[in-house]
Amino acid sequence: MQDLEPLRAKYLGEIAEATDEAGLEAIRVAALGKKGEVSLRMRELGKMTPEERREAGPALNALKDELGAAISAQAAALADAALAERLKAEWFDVTLAPRPVRQGTIHPVSQVMEECAAIFAEMGFTIAEGPQIETDWFNFDALNIPPEHPARQEHDTFFMAREEGDDRPPHVLRTHTSPVQIRAMQEHGAPIRVIAPGRVYRMDMDQTHTPMFHQVEGLAIDRDISMANLKWVLEEFCKAFFEVESVELRFRASHFPFTEPSAEVDIRCSWEGGQLKLGEGDDWMEILGSGMVHPKVLAAAGVDPEEWQGFAFGMGIDRIAMLKYGIPDLRAFFDSDLRWLKHYGFAALDVPTVHGGLSR
Ligand code: DAH
């Protein structure tokens, strides 16, 4: 019988060089298929003498098995290589850092300031600012509170120190946001519509007073403004802020040097079962001071009172924050207690908008 070695070498060589499944299959057909070279050789076994067959039979079978195994091994190797290639192309980094846990919160005072800004912005008010260390003139005189006026005593003012021998009036920590009215009118003139949220200071400390607290001032000056406009604006504000269908406000005649007439505004509420509800019940809670801006105040700010008029109001931000969010003790606002901040604080991305809902 012919030597099988050349056949073996040829096919093993081809198998080792096959680069894809189709090529490998073609080799299998050529060697082991029905009309393959090895199969044809096997068919010749019948024509052999028994001695020849005894030698050639096992050799051909061994060759058939060896080529079959080589083809399987090469197929597996090609599949492995293809997978490795694919994995290389489809690689991505599963170790991407996890999203950070949200830790900080927005303080209720900041949240409420943002809410106020959003509501008044819809009514055409922009934001005005002024310094917290204010001159005596802006904090008092310009607001029609001359040096001997009794209102000065009521303000429990913090005075800044002066150099010895310097007898100009001392600067003060502003006792209210009203001086921003003067600054805004000096800067922009009339007509004007602004709110001024910010810190104010008075020497006072108990469960409902802290030496530093927050107010938001409102000012609207134009040619044809009356108390009716003030009432509408405040009602719209309260409905939007407290997120209720209707509110009832009570305007109580009062006195402020910088407004004439002046009114303090109470909101109808109920304390039934120790729980505060707004817009219903038989109780009233004072939330702000307001009035028509005094002609002397307009004049001090360089606005002609013969031509312009308007209203102003000042509201305690901490107080309306306590009301809206049911926070009982004002002093806790400024304790920086992380547990308190976590409980009463707001998520950083919940930016309040009037249409999106203010306090989600
Ligand atoms: N400035 C006043 C205060 O701190 C509040 C206030 C009352 C502001 C009447 C106003 C106003 O603008 O018109 O007690």
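Now for a description of the structure that goes with this document. Please read these numbers as outputs of a predicted model, since none were measured by experiment. (Residues numbered from 1 in each chain as written. Predicted model: local features only at pLDDT ≥ 70, side-chain atom pairs only at ≥ 80, totals over all residues. Heavy atoms only, no water.)

**Focus on the site of the ligand**
Part 1 of the reasoning: Taken together, 15 residues are adjacent to the ligand, and His-176, Ser-178, Arg-202, Gln-215 and Glu-217 come closest.
Part 2 of the reasoning: Arg-202 is positioned such that a nitrogen or oxygen atom in its side chain is 2.8 Å from an oxygen atom of the ligand.
Part 3 of the reasoning: A distance of 3.2 Å separates an oxygen atom of the ligand from a polar atom in the backbone of Ala-312.
Part 4 of the reasoning: Burial of the ligand by the surrounding chains reaches 91%, relative to a free accessible area of 360 Å².
Part 5 of the reasoning: When contributions to the shell around the ligand are tallied by element, the ones reaching two or more residues are β5 (212–222), β9 (283–293) and β10 (309–316).
Part 6 of the reasoning: Taken together, the residues of the shell around the ligand sort by class into four nonpolar, nine polar and two charged. (Near = heavy atom within 4 Å. Polar contact = N/O pair within 3.5 Å; in protein donor to acceptor, adjacent residues only side chain to side chain. Areas by Shrake-Rupley, 256 points an atom, 1.4 Å probe, with all protein chains shown as cover. Helix = DSSP H or I, 4+ residues; strand = E, 2+ residues; numbered from the N terminus. Nonpolar A, V, L, I, M, F, W, Y, C, P; charged D, E, K, R; others polar.)

**Overview of the pairing of β9**
Part 1 of the reasoning: With eight of its 11 residues buried, β9 lies for the most part within the structure.
Part 2 of the reasoning: Two strands pair when backbone bridges link them, and strand β7 (residues 259–270) and β9 are joined in this way by nine bridges, in the antiparallel orientation. In the sheet register, Asp-266 faces β9, and the bridge partner there is Glu-286.
Part 3 of the reasoning: Note: β9 against β10, five bridges, orientation antiparallel. Among the inter-strand pairings, Gly-289 is bridged to a residue of β10, identified as Gly-314. (Buried < 20%, exposed > 50% of the residue type's maximum accessible area, 1.4 Å probe, protein only. Pairing = 2+ DSSP bridges.)

**Some details on the environment of Ser-270**
Part 1 of the reasoning: If you trace the backbone, Ser-270 turns up in strand β7.
Part 2 of the reasoning: For Ser-270, a relative accessible area of 8% translates into the label buried.
Part 3 of the reasoning: For the pair formed by Ser-270 and Asp-283, sequence separation is 13 residues and the distance between their alpha carbons is 5.5 Å.
Part 4 of the reasoning: Not counting residues within four places of it along the chain, the set of residues in contact with Ser-270 comprises Gln-275, Leu-276, Lys-277, Glu-280 and Gly-281. (Contact = heavy atoms within 4.5 Å.)

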